[in-house]
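Single-letter residue listing:
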Amino acid sequence: MTGRVSLACLALALAIASPVAAQSVTQVTLLPATYYIGDAVEARVTVRGVALDDVVVPETLPDLEWVTMEEIVALSRPDGVEIRILFRPYFPGTRTLPPVDLGSFELSGLSVFVSSVLEEEARDLEPMRDQLLLPGTRLIVTILAAILVLLPVTIATTGGFARSLVERIRRGYRERMPFRRMSRQLKQLDARVHELDGRTYYIELLSLVRLYLQQRLGISILSSTTAELPRFLSAAGVPSEVRERIVEVFQFGDLVKFASRHAGIETRKAHLTEIRNAAVRIQKEPSIGVGPR
Amino acid sequence: MQQLERSRELIQAARDEISRRVVGQREMIDGLLTGILAGGHILLEGVPGLAKTLTVRSLAEVIDASFQRIQFTPDLLPADLVGTMIYNQQTGEFVPRRGPVFTNILLADEINRAPAKVQSALLEAMEERQVTIGDTSYELAEPFFVLATQNPIEQEGTYPLPEAQLDRFMLKLYVEYPTPDEEQEILRRIGVPQEFDLNKTIFQADIKKLRESVDSVTVDERIEDYIVRLVVATRDVENEGMGATRYIDFGASPRASIFLHRCARVRALFEGRGYVIPEDVKRVAPDVLRHRIVLSYEADSEELDSDDVVTMLLSTVPVP
């Protein structure tokens, strides 16, 4: 920065030293002292030996590639006039303002030093750049693009796991559904044990069990006879003690249904409990079952 | 209850007695006994050499009943079967000469080798239980029990029984090959000459009592409903929901329901039970239904036989 100030002083000295005929420039002040490309700068030049009436401000101001003169104003001072030139430089480095014809004299040789925020000097003008983006725009666009790219990849890599998870949940629900339904219906049947005769009771009880076993084990129990039951249950992986309990209830039920065997309330309740316990045992063993669920 | 137990013992004794001569073939023996007790005729189908004739002969020996065997051939005439009027030179009159059909147990060997008119004569006798010779109708013996056999191979020059006539047989039994163990036992028995008579275990009076026992077996209305649903399922060809019915062009007649009902009772009696359970119906269903359904082209194309279709039906219709 010190170097630039020195350069500015040097320019000022040169300007002072330049001849202006009978008039003489006594002082040149640039406001601001340090300015950059594009800044509006006011040069105040005090000229001694000239009356204000002698000064004619030109209608058309010089307009060069590197500088635009925007306004020239002449003010009266006790020892002469003060010429205020408002200009806007567009090129860095030391330049001489174009001569200005002020009627009785010409103001010329006024050098100025234009600073630049760039270190390099004498650079060419940059081409026009694109529109500026709002802060964060690039970040948002990047995130969106990443999502678009990564989403299919994420779905492809984790889709299998998600599907199996959903399938596990669905299967668990479906496995438990027949049990829940049967439990509910067994409770209702238990509540009606005194109202129903033995035959009707066992018809309902065994129908519930058949439906449960068919849905839970995926085997066609509905069309199986009591004699076929052990084979199907065994194939489905039902433990032998559970199997025997179920078959016993079915055998007794057949006697009640088809041979008019008497079934007391206690027996019915005991068989209902047997069935409930067997179902609980089957539910606890996820490996039991052979067919589609 | 005592009568049921006595009936079961009688049946078991007959089984055991026949088994002295016939190795294995338990299903065929049970089927034959079922036919006798249920009062129906039986069609036996099996390749030659499976002891069909031997079993029937043995059955006739065990039961106190007369037995006749006719080998059906293409030149057989109805008169050879039912009898004819012959001229008696001494009296100058035509007198009836009764044919082999006048017996208790008639074995019609290879029934499909005789022409249709002979088959019809026999089947008419089976249905009417009487035959007409000349101008007179004669009642057939009681019990009258026809066991017809046919060979599933060598179909050339045979006269397949029409469906309407097949329907008159209560059961159609498939005679299977013996198991390897049974075949070994057959070899052992052949090595030792076995010219012995079987003991008669079931007498005429026993047959009557056994049939009374069969009649005393109760059939719950839910079992009856199951029988009807099973038979109706064979006719429900318009309903595509039932998987098996698409393989059936024509289903079983009401005769199938009647015979299922009767045979299920006999099966219950075999077990010494006074009531029928669904198991009894399922056990006799293939024998009762297999010759009463006409399979569709779809079944042929999928190489399914009537037993496959009946099995499908049985696995579809819910039991009571």
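Residues numbered from 1 in each chain as written. Chains lettered and ligands numbered in written order. Predicted model: local features only at pLDDT ≥ 70, side-chain atom pairs only at ≥ 80, totals over all residues. Heavy atoms only, no water.

Asks: Any chance you could break down the overall build of chain B for me, citing the residues and the numbers?
Replies: Across its full length, chain B carries 13 helices and 11 strands. Evaluated residue by residue, chain B yields a buried proportion of 51% over its 320 residues. For chain B, long-range pairs separated by at least 24 residues make up 78% of all intrachain contacts whose partners lie at least 6 apart in sequence. Approximately 14,900 Å² of chain B is accessible, and the part contributed by carbon and sulfur atoms is 49%. (Helix = DSSP H or I, 4+ residues; strand = E, 2+ residues; numbered from the N terminus. Buried < 20%, exposed > 50% of the residue type's maximum accessible area, 1.4 Å probe, protein only. Contact = heavy atoms within 4.5 Å. Areas by Shrake-Rupley, 256 points an atom, 1.4 Å probe, with all protein chains shown as cover.)

Asks: Could you give an account of the sheet that holds strand 2 (residues 41-48) of chain A, with specific residues and numbers?
Replies: Residue and element names in this part refer to chain A. One open sheet holds the 4 strands; their spatial order is 1-2-4-3, and the pairing between them is antiparallel. Each of the sheet's edge strands pairs with one partner strand only, and the pair in question is strand 1 (24-31) and strand 3 (67-77). Averaged over all neighbouring strand pairs, the angle between strand axes comes to 20 degrees, with direction disregarded. As defined by bridge partners, strand 2 adjoins strand 4 (residues 80-89) across 8 bridges and the pair is classed as antiparallel. From the neighbouring strand, Thr-46 faces strand 4, where its bridge partner is Glu-82. (Pairing = 2+ DSSP bridges. Axes fitted to C-alpha atoms, helices over the stretch in contact; angles between N-to-C directions.)

Asks: Pulling in residues and values, what's your account of the packing of aromatic side chains?
Replies: With the rule as written, the count across this model stands at 6 aromatic pairs over all chains. For the ring pair B:Phe102 and B:Tyr138, a centre distance of 6.2 Å and an interplane angle of 85 degrees mean the geometry is edge-to-face. Taken as a pair, B:Phe102 in the loop between strand 4 (93-98) and strand 5 (105-109) and B:Tyr138 in strand 7 (residues 136-139) lie far apart in primary sequence, 36 residues in all. The burial state of B:Phe102 is the same as that of B:Tyr138; both residues are buried. Each residue in the set A:Tyr201, A:Tyr202 and A:Phe252 is aromatic and connected to the rest through ring pairs, giving one cluster. The side chain of B:Arg98 reaches across the aromatic face of B:Phe102, ending 4.9 Å from its centre. Across from the ring centre of B:Tyr275, 5.7 Å away, lies the NZ or CZ of B:Arg273, which sits over that ring. (Phe/Tyr/Trp six-rings, centres within 6.5 Å; stacked < 30°, edge-to-face > 60°. Lys NZ or Arg CZ within 6 Å of the ring centre and 35° of its normal.)

Asks: A description of the sheet that holds strand 1 (residues 41-45) of chain B should follow, citing residues and the corresponding values.
Replies: Hydrogen bonds between backbone groups are what pair the strands of a sheet, and the pairing can be parallel or antiparallel. Residues and elements named next belong to chain B. If you walk across this open sheet you meet the 5 strands as 2-5-8-1-9, and the pairing is parallel. Taken across any chain shown, the strands that pair with only one partner, and hence form the sheet edges, are strand 2 (67-71) and strand 9 (169-174). Going across the sheet, the axis of each strand differs from the next one's by a mean of 20 degrees, ignoring polarity. Bridge count for strand 5 against strand 8 (residues 145-150) is 4 bridges, and the pairing is parallel. Across the sheet, the residue bridging to Leu-106 is Val-146, located in strand 8.

Asks: Tell me about the confidence of the model for chain A, and name the residues and values.
Replies: Low pLDDT marks stretches whose predicted atomic positions should not be read closely. With 89% of its residues at a pLDDT of at least 70, chain A reaches an overall mean of 83. Taken as a whole, residues 16-21 of chain A scores under 50 in pLDDT and shows 5 contacts with residues more than four places along the chain or in a different chain. (pLDDT = per-residue confidence, 0-100.)

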